[in-house]
Amino acid sequence: MFFFRPSWLQHGAEGSGSQPVFSVDIQAVGGRLASAGQDCKIRIWSCEDLVKAGSLKTASKPSDSVPSRTQVLVTGAGEGSEKSGGKIPKGALLATLAYHAGAVNCVRFSPDGHFLASGGDDSVVLTYERLAGAGRAGAFGSQEEDVENWRCRKPLRAHLGDITDVAWSSDSDRFCSASVDNTVIVWSARTEKALVKLEGHNGLVKGVAWDPIGKFVASQSDDKSVIIWRTNDWNIEKRITAPFAEAILHDNNLAFFLRLNWSPCGSSLVATNAYAKKTATHLAPMFSRESGLTDHVDFIGHREPVVVGRFSPRLYSRKQFSGKEQKASKDNPAYTCVALGSKDRGASLWIAGSSKQFVHLDDMFGGDVVDLAWGADGYTLVACSTDGGIMLIRFDPAELGYVVPEKVEQNIFKELWQSFGGKSSENGLPENRVQVAIELERKKPATAPATENDMHTDRGEPEAVVVTPKPKRETKQAQGKEQNGTPVKPVPVETGNTPKPKTSPPTVNPIPPQQIRQREERVKGGRRRIIPQPLGTGADPVNDPNSQSLGNIWEATNQSGAVGSSQVDDGTTNKRPRTMGPGDLVGMTTSGNPAADMNPWVSSLKGQSHLPSAGRRGGSRCRAMDSEPVPTMLEASSQGSSKPTVLTCSKGGQVLWRDYVGSPILALAGSTGKFAAVATADAFLHIYKASSGRRFSPPISLDTPPHLMDLFETNGKCLLLLITRSAIVNLYALDALELVCSVNAAPLLVRIADADDDEEHSQENKNEKLRRGISVGSVSDREEPILVLSDGHAFVYNQRLQSWLRVADDYAPNSEYYRLVPPAGDTSLLSKLQAGAAMTARKKGTGLLPTGGLKRTAVETVTHLETLMASAIALGDVDQYKHFLACYALRLGTSEAVIDGGETKLREICEMLCEPGDILETPKQALLRKVVLPALSSSRRHQRLVEEFTVILDDFETEKPKVETVAP
Amino acid sequence: MSAVDVFNVQVLDNPAPFTNTLQFEITYEVRETLTQDIEWKVTYVGSAEDQAHDQELDCVLLPADTPGRFKFVLEVDPPEPKLIPSQDLVGVTIILLTCSYREREFLRVGYYVNNEYTDSELQENPPATPVIDKIVRNIVGDQPRVTKFRHKFDFGDPNEELSVDRQAEIQAERDTLTEEARKRNTANAAV
């Protein structure tokens, strides 16, 4: 064996003394070492580099052959041998995480290596995950650069005191934390929520351990007891007090930690700090599960209390296993090995089954040994101490035994676990090479927006897409602001935030000011208040008009008093007899207008104006037709009531064309080079060719004056969306002068009256009928109108169903896909709508509150995903559909135990995708093969299912064009 | 665990004449939502010798009710030269950008500022009464001195008195900065 304690492997600034290191842990998958210390930082090191550096400087001790008791004095490599703060070799220190506000007491990697959890004196539990790429400089202002990028997720606050220990469940799904507030709290890693608080100890809880089989959680406390909690109902299974009854607890013998540990096979639990007064010996009892944790073997050998016990994750055997054997046999039994650390500044190793120490390491450090960690290979042990040292120990197979190969180990564990009543490990063995190949693929570090990481990054740091203001919206925004009544500093929209240079700067060029969008207001007391710009990842603002206007939903919903609010500010109802229904446009084809006729409550809106008028009567208005620096503008000005309104199209002050319109113009829209449209107060729509101003069609009659009008260019076509005051939504294809569709949106806006109300009653209250208004109107890629209402809900009109489909709402607050801000890099329409809906609900306080609960969250997430997938189809967004399909498959694959019918859902979606045919022009089978199956194979549980469908798909491939067999 | 953390600060319009507004583009991160606004303040240390000459240039409130990263530009009026002792007007001094919650500071970013004449003649023979219009201000924006103070934000006893230790901590931090500034001033003067 050799010992290696480099001077640079420590905490604390270089040059100054090293700070106590309270915890170490080694990642099972990935081989990183994490250390946590009093300097409030966590450092992540590369084990490989450590071992390499160590083997160059071996301070090896004579390796006596086992099994005779070996006492090794380690002083040579111990305290004070080298001055602390030597240079760290390149690449050894991977990252420094300084997110705790107090000393960090414990760090633990999750068994799958994905997360790191830490608990500190600030009563907060933090979890971290690694993202691809190099870390940015440690923090703003520090000069450190991290090799790896570890992101800190949501801080978990629920404990009322320092957190002493953290333990993960073997499926990496949950973990628990022990604290000096006498409680243990169990958390869910994915949802970052507390699940249960275990109260039962009467003293500071200083150690916690999760049974690898998953049935129990054990915790040890200063109240001289170990409590075993059942994981299914979280009640106390057993309280063990006997060996600890005489434990010494006065000041000079107070143990920092009481870190107990289960053996990897689950058959033993080693606890700490037991004392036998009679013989005045400190011992660590190891309880056997077979005996119901009553019988215990005591490890005697330390002069001071044992503080930490850690089993090696591997099994060993005296003789090396040849490739063929599958099991341990009598003449080559497999055994576990446990390491104990103590206040007497040393450690000891024991082989299960023997009550004599295998190795005793004296004098390792200048202070208590507080934590131990084994490497995944079974030959490396790392210890840390309050004197600030971290020591690496490498063993020889000849000393410790040969590590049993994985397959044999799995067999042994399976047997044992079954005998203990646990289901065999949740991760079965890979049964075929396909599975293994897919798993290896997944093990590569996720690049920042991978499907799985997306889920986590969303929760922690939603980053919105940058939206630059467009002059088009100016009129509406100005209106909105005035309605507020509060004095607002004008946002310099068009010019961007250029500073007002008083004198030209003499030498160096100043940094060009960036276009930051922020709003300012004044609060009581005269102080300024700024609403900042939420940040994106540098995604460019999309330039097509469609998403621009919808991109502004983010802003629109953020402003109070959004345009088109449900307040009807025009009291007069305009009883206009309808001369031409929207379906009868100049001999065009229509696509029905069924809804209005059928619904009695809505009929009273027909021909009546309930939505506010598009613009105030009188005055002039203008609109830009493009987003050039010098835009082409459409302007309407009325020159008094007797004269007709002038419509002018100009660019940079130069008039391009002009027209005189008989009635005040309320709405303008246009696109340079294509069309310009104006809608007038007398309910007519005029269309011109934008370049010349040539009238393109006779004035088109509308049922009521306009409320909202916008022009979109989708798929090369020019589509005009016009919403009239009676909430009829008309979509015209201008090039062909055709009506794409005309629908009544009134049912979406009115109050849902009781079925028992009679017509008369509802007619009286018709002015209060509107419960929400239209905020934004747009067109989807499938040329269907989309409406975003003032409460954030979004609807798209589906032609085939001839109804409005709700694609964004705030009804799934517990879902993990419920976001307030679209995720980084995601510029899709669906996400923006979803985020807009959620944000509006939040601002208005109307959203449902998340109620927590693991089961509810799981169910809601899955159903939300189903809705999202359907919404993506309705909006025609293939990428979003694929994205959510992958998330859905992944989610079902990992949590179908919690959701009823999860297995059935999985099977059904696979069967549906097996059929030949397309969804959104993508062959279904391609979706199955490329999206769903890889997502499912992340979990071994479903390998049968994956295999089954892979075979079916292959069959389809080979038999291709002719045979159309139905999936079994 | 700080609920609000600064991610980046960029000094805009720099170097600039002394009479120009000061502009900082600040990117901050809200890890945990707070019930009240956070307050950003810019202070100009008029004289490294005397704390009494500190000028609070402005103070703005920002919301912290949504988790995520946010960016904004903080533009404040330049310091009033009359309040600065004339011998300290030209030379090295400090600008402090601080962020507080519930009246208590949790973040402080200090910058060294170099005020000097561009005109070489004035540089050689600085007049007794400084000519404000010719002074150019150069904030050393790439070497910020960031200090974070412990703060309970919304998670502790809000009435907890600022402990003596904390006050000493803040004062000590300030003293180091001013000490440095003084040293630099004397170094420059010697040149």
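Residues numbered from 1 in each chain as written. Chains lettered and ligands numbered in written order. Predicted model: local features only at pLDDT ≥ 70, side-chain atom pairs only at ≥ 80, totals over all residues. Heavy atoms only, no water.

**Here we look at the overall build of chain B**
- Each helix and strand counted, chain B has 3 helices and 10 strands in total.
- Seen in sequence order, chain B has helices and strands lined up from the N terminus as β-β-β-β-β-β-α-β-β-α-β-β-α.
- Considering chain B as a whole, with its 191 residues, one finds that 53% of them fall into the buried category.
- Long-range contacts, defined as pairs at least 24 residues apart, comprise 69% of the intrachain contacts of chain B with a sequence gap of at least 6.
- On chain B, roughly 8,400 Å² of surface is accessible, and the fraction owed to carbon and sulfur atoms is 45%. (Helix = DSSP H or I, 4+ residues; strand = E, 2+ residues; numbered from the N terminus. Buried < 20%, exposed > 50% of the residue type's maximum accessible area, 1.4 Å probe, protein only. Contact = heavy atoms within 4.5 Å. Areas by Shrake-Rupley, 256 points an atom, 1.4 Å probe, with all protein chains shown as cover.)

**What to know about the overall build of chain A**
- Scanning chain A from N- to C-terminus turns up 18 helices and 56 strands.
- Within chain A, buried positions represent 54% of all 968 residues.
- Once local pairs closer than 6 in sequence are excluded, the contacts in chain A between residues at least 24 apart make up 57%.

**Quick word on the confidence of the model for chain A**
Residue and element names in this part refer to chain A.
- Counting all residues, the mean pLDDT for chain A is 72, and 67% of those residues have values of 70 or more.
- Of the regions scoring below 50 in pLDDT, residues 58–70 engages in 22 contacts with residues more than four places distant in sequence or in other chains.
- Confidence over residues 424–437 falls short of pLDDT 50; this stretch has 21 contacts with residues more than four positions distant or in other chains. (pLDDT = per-residue confidence, 0-100.)

**Thoughts on the sheet that holds strand S20 (residues 236–240) of chain A**
Residue and element names in this part refer to chain A.
- The antiparallel open sheet is built from 4 strands, whose spatial order is S17-S18-S19-S20. Of all the strands in the sheet, the pair left with one neighbour each is strand S17 (205–210) and S20. With strand direction ignored, the average angle separating the axes of adjacent strands in the sheet is 15 degrees.
- Here strand S19 (residues 225–230) runs beside S20; their pairing, made up of 4 bridges, is antiparallel. Its bridge partner being in S20, Ile227 is matched across the sheet by Arg239. (Pairing = 2+ DSSP bridges. Axes fitted to C-alpha atoms, helices over the stretch in contact; angles between N-to-C directions.)

**A look at the sheet that holds strand S28 (residues 334–335) of chain A**
Residues and elements named next belong to chain A.
- The 3 strands lie next to each other as S28-S27-S35, forming an open sheet whose pairing is antiparallel. The sheet is open, and its two edges are formed by S28 and strand S35 (402–403), each paired on a single side.
- Sheet analysis places strand S27 (residues 316–317) next to S35, joined by 2 bridges and oriented antiparallel. Considered in S35, the bridge of Ser317 is made with Tyr402.

**Re the pairing of strand S9 (residues 135–139) of chain B**
All names here are of chain B.
- Among the 5 residues of S9, 4 are classified as buried, and the element is accordingly described as predominantly covered.
- Pairing of strand S2 (residues 16–17) with S9 involves 2 bridges; the strand directions are antiparallel. Following the sheet pairing, Ala16 is matched in S9 by Arg137.

**Considering the nonpolar core**
- Counting 47 residues, the largest nonpolar core has A:Leu885 and A:Leu928 as the members making the most contacts within it.
- Here this core gets 9 residues from one element, more than from any other, and that element is helix H15 (residues 878–895) of chain A.
- Beyond its immediate sequence surroundings of up to four residues, A:Leu885 is in contact with A:Met869, A:Ile909, A:Leu913, A:Leu927, A:Val931 and A:Val932.
- Of all hydrophobic cores here, the second largest spans 41 residues; its members include B:Val6, B:Tyr28, B:Val30 and B:Leu122. (Core = buried A, V, L, I, M, F, W, Y, C linked by side-chain atoms within 4.5 Å.)

**Looking at the UniProt feature "repeat: WD" (unreviewed entry) in chain A**
Residues and elements named next belong to chain A.
- When the UniProt feature table is mapped onto this chain numbering, "repeat: WD" (unreviewed entry) sits at residues 97–129, 156–197 and 198–229.
- End-to-end, the C-alpha atoms of residues 97–129 are 11 Å apart, and along that stretch the chain is 0% helix and 58% strand.
- This span, residues 198–229, is 0% helix and 59% strand, and a straight line between its end C-alpha atoms measures 8 Å. (UniProt positions renumbered as here; feature names shortened; annotations may be inferred.)

**A few points about the pattern of salt bridges**
Residues and elements named next belong to chain A.
- Applying the stated criterion across every chain, the model contains 41 salt bridges over all chains.
- Where Glu237 meets Arg230, a salt bridge forms, and the shortest distance between an N and an O atom there is 2.7 Å.
- Residue classification places Glu237 among the partly exposed residues on the basis of a relative accessible area of 39%.
- Between Lys717 and Glu783 there is a salt bridge, and its shortest N-O distance comes to 3.0 Å. (Salt bridge = Lys/Arg side-chain N within 4 Å of Asp/Glu carboxyl O.)

**Describing the packing of aromatic side chains**
- Taken as a whole and judged by the stated rule, the model has 25 aromatic pairs over all chains.
- Taking 5.8 Å as the distance between ring centres and 35 degrees as the angle between the ring planes, the aromatic pair formed by A:Phe22 and A:Phe256 counts as tilted. Of this pair, A:Phe22 sits in strand S2 (residues 21–26) while A:Phe256 is found in the loop between S20 and strand S21 (261–262), placing the two residues 234 residues apart along the sequence.
- Residue classification places A:Phe22 among the buried residues on the basis of a relative accessible area of 5%.
- On the numbers, 5.9 Å between centres and 35 degrees between planes, the contact of A:Phe256 with A:Phe257 is tilted.
- Over the ring of A:Phe257 we find A:Arg259, and its NZ or CZ is 3.8 Å from the ring centre.
- The ring of B:Phe7 carries B:Arg69 above its face, with NZ or CZ at 3.7 Å from the centroid. (Phe/Tyr/Trp six-rings, centres within 6.5 Å; stacked < 30°, edge-to-face > 60°. Lys NZ or Arg CZ within 6 Å of the ring centre and 35° of its normal.)

**A short note on the pairing of strand S48 (residues 717–724) of chain A**
Residues and elements named next belong to chain A.
- Among the 8 residues that make up S48, 7 are buried, leaving the element largely enclosed by the rest of the structure.
- Bridge analysis of strand S47 (residues 706–714) against S48 gives 8 bridges, and the strand direction is antiparallel. Paired with Leu708 across the bridge in S48 is Ile723.
- Between S47 and S48, which pair antiparallel and follow one another directly, the connecting turn spans 2 residues, one of which, Asn715, has a positive phi of 50 degrees.
- Relative to strand S49 (residues 728–733), S48 runs antiparallel, the two being bridged by 5 bridges. Residue pairing for S49: Leu720 is matched across the bridge by Tyr732.

**So, the side chain of A:Ser35**
Residues and elements named next belong to chain A.
- Relative to the assigned elements, Ser35 resides in strand S3 (residues 32–37).
- A polar contact is formed between the side chain of Ser35 and the side chain of His11, at a distance of 2.7 Å.
- Setting aside anything within four residues of it in sequence, one finds Ser35 in contact with His11, Val21, Ser23, Val24, Lys41, Ile42, Arg43, Trp45, Val107 and Ile390. (Polar contact = N/O pair within 3.5 Å; in protein donor to acceptor, adjacent residues only side chain to side chain.)

**With respect to unusual backbone geometry**
Residue and element names in this part refer to chain B.
- With omega at -10 degrees, the peptide bond leading from Asn14 into Pro15 counts as cis.
- Positive phi values are uncommon outside glycine, yet Asp13 reaches one of about 55 degrees.
- Within the fold, Asp13 resides in the loop between strand S1 (4–12) and S2.
- Overall, the relative accessible area of 12% leaves Asp13 in the buried class.
- For Glu103, which is not glycine, the phi dihedral falls at a positive 70 degrees.
- Tracing the backbone shows Glu103 in the loop between strand S7 (91–101) and strand S8 (104–117).

**Digging into the packing of helix H16 (residues 902–914) of chain A against helix H18 (residues 943–958) of chain A**
Residue and element names in this part refer to chain A.
- Relative to each other, H16 and H18 sit at 10 degrees, their axes nearing to 11 Å. Taken as axis vectors, H16 and H18 run roughly parallel relative to one another. Residues Leu906, Arg907, Cys910, Glu911 and Cys914 of H16 pack against Leu945, Glu948, Phe949, Ile952 and Phe956 of H18. (Parallel < 35°, antiparallel > 145°, perpendicular 65-115°, else oblique.)

**Quick word on the environment of A:Trp350**
Residue and element names in this part refer to chain A.
- Mapping Trp350 onto the fold places it in strand S30 (residues 347–351).
- Measuring from C-alpha to C-alpha, the distance between Trp350 and Val338 comes to 5.3 Å, with 12 residues separating the pair along the chain.
- A polar atom in the side chain of Trp350 sits 2.9 Å from the side chain of Ser348.

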